[in-house]
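Here is how the chains run, residue by residue.
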Amino acid sequence: MKILLHACCGPCSAAPVPALREEGIEPVAFFHNPNIHPFREFRRRLAAFRELAEAYGLECEIDRDYGLVEYLRLVVGREEERCRICYEMRLSETARKAKTLGLETISTTLLYSRYQKHELIRRTGEEIAAAHGLTFLYRDWRGLWQEGIDRAIAMDLYRQPYCGCIYSEQERYDKKLRRRK
Ligand code: SF4
């Protein structure tokens, strides 16, 4: 069975891809992440994803466009909802891509992260898949957290220090903001 697996980055794909293969599922990885800013960070994460795809012999589809403007148009003024919007953006495009490729099932490596809103990802994925006549393959890969880190380190992959958007970059480095929160 083949599925379209939205890949948020290389390190977060490191454990889910082998886990799927163990189940007899071959993922086609789709890199579409307009939420990664700024541009040099986007390029760096894309390069790490390509390295992983090469090392794993992974079939992949890559959206090389830097999506800052597209992302901000949807998020500005609705910052409190930004993660939901961000998941919707990426998973909607994944569903559209799956239709183009003739694949019937989608999933996402976001389900690997301990720092993401796991239930929201699940709900969003299921709703979007259903709206496109697709199936959302839900897996809780958070238990593979350390395995993914170990694999990424073994491959010497770049591991990012913040989620992706410029807001998350500030939350990571702005101590005053963190204290206020
Ligand atoms: S914090 Fe992460 S999931 Fe939330 S909007 Fe920013 S990049 Fe997207």
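Structure first, text after, so check above.
So, a few notes on the structure that sits alongside this text.

What counts, and at which threshold
- Residues numbered from 1 in each chain as written.
- Predicted model: local features only at pLDDT ≥ 70, side-chain atom pairs only at ≥ 80, totals over all residues.
- Heavy atoms only, no water.
- Pairing = 2+ DSSP bridges.
- Helix = DSSP H or I, 4+ residues; strand = E, 2+ residues; numbered from the N terminus.
- Buried < 20%, exposed > 50% of the residue type's maximum accessible area, 1.4 Å probe, protein only.
- Contact = heavy atoms within 4.5 Å.
- Axes fitted to C-alpha atoms, helices over the stretch in contact; angles between N-to-C directions.
- Left-handed = near helix turned anticlockwise from the far one by under 90°.
- Nonpolar A, V, L, I, M, F, W, Y, C, P; charged D, E, K, R; others polar.
- Right-handed = clockwise from strand over helix to strand, strands pointing away.
- Phe/Tyr/Trp six-rings, centres within 6.5 Å; stacked < 30°, edge-to-face > 60°.
- 1 Å grid on protein atoms, 1.4 Å probe; cavity = no way out; pocket = protein on both sides within 12 Å on 5 of 7 lines; lining within 4 Å.
- Points joined across faces, edges and corners; volume = space filled by probe spheres on them.

### A word on the sheet that holds strand β1 (residues 2–6)
No. 1: Strand order in the open sheet formed by five strands is β3-β2-β1-β4-β5, with parallel pairing between adjacent strands. Every interior strand has two partners, whereas the edge strands, β3 (60–62) and β5 (135–136), have only one.
No. 2: Relative to β5, strand β4 (residues 105–108) is paired through two bridges, and the arrangement is parallel. If you follow Ile106 over to β5, its bridge partner there is Phe136.

### Brief notes about unusual backbone geometry
No. 1: Residue His37 is joined to Pro38 through a cis peptide bond whose omega torsion reads -10 degrees.
No. 2: Residue position: Pro38 is located in the loop between β2 (26–31) and α2 (39–56).
No. 3: In this structure, Asp156 takes a positive phi of about 60 degrees despite not being glycine.
No. 4: In this fold, Asp156 is placed in the loop between α6 (145–154) and α7 (166–173).

### Notes on the environment of Tyr167
No. 1: Among the secondary structure elements, Tyr167 is positioned in helix α7.
No. 2: Exposure remark for Tyr167: the relative accessible area of 18% places this residue in the buried category.
No. 3: Once the C-alpha coordinates of Tyr167 and Asn35 are considered, the two residues, 132 residues apart in sequence, prove to be 10.0 Å apart.
No. 4: Setting aside anything within four residues of it in sequence, one finds Tyr167 in contact with Tyr71, Leu72, Val75, Val76, Glu79 and Arg82.

### As for the packing of helix α4 (residues 82–101) against helix α5 (residues 118–131)
No. 1: Relative orientation of the contacting elements α4 and α5 amounts to 40 degrees, with a least axis distance of 10 Å. Handedness of the crossing formed by α4 with α5: right-handed. Contact with α4, carried on its side by Arg84, Tyr87, Glu88, Leu91, Ser92 and Ala95, involves Leu120, Ile121, Thr124, Gly125 and Ile128 of α5 and no other residues of that element.
No. 2: Residues belonging to the contact of α4 with α5 are distributed by class as follows: six nonpolar, three polar and two charged.

### Points about the pairing of β1
No. 1: A large share of β1 lies buried, amounting to four of its five residues.
No. 2: Crossover β1 to β2 through helix α1 (residues 16–22) is right-handed.
No. 3: Note that β1 and β4 share three bridges and pair parallel. Across the sheet, the residue bridging to His6 is Thr108, located in β4.

### Comments concerning the packing of aromatic side chains
No. 1: All told, the structure shown has seven aromatic pairs when counted by the stated rule.
No. 2: On the numbers, 6.0 Å between centres and 55 degrees between planes, the contact of Phe31 with Phe42 is tilted. Note that Phe31 is positioned in strand β2 and Phe42 in helix α2, a separation of eleven residues in sequence.
No. 3: Residue Phe42 is classed as buried on the basis of its relative accessible area, which comes to 1%.
No. 4: Where Phe39 meets Tyr66, the ring centres are 5.2 Å apart and the plane angle is 70 degrees; that geometry is what we call edge-to-face. With Phe39 in helix α2 and Tyr66 in the loop between β3 and α3 (68–75), the pair connects residues that are 27 residues apart, well separated along the chain.
No. 5: Judged by its relative accessible area of 28%, Tyr66 falls in the partly exposed class.
No. 6: Through a chain of ring-to-ring contacts, the aromatic side chains of Phe31, Phe39, Phe42, Phe49 and Tyr66 assemble into a single cluster.

### Re the layout of surface pockets
No. 1: Considering only enclosed or pocket space, the largest pocket measures out at about 850 Å³ in volume.
No. 2: Taken together, 37 residues form the lining of the largest pocket, with Ser113, Tyr115, Gln116, Tyr162 and Cys163 sitting closest to its centre.
No. 3: Counting only elements with at least two residues in the lining of the largest pocket, the list comes to α4, α6 and α7.
No. 4: Per-element accounting of the lining of the largest pocket gives the leading share, six residues, to α4.
No. 5: The volume enclosed by the second largest pocket comes to roughly 160 Å³.

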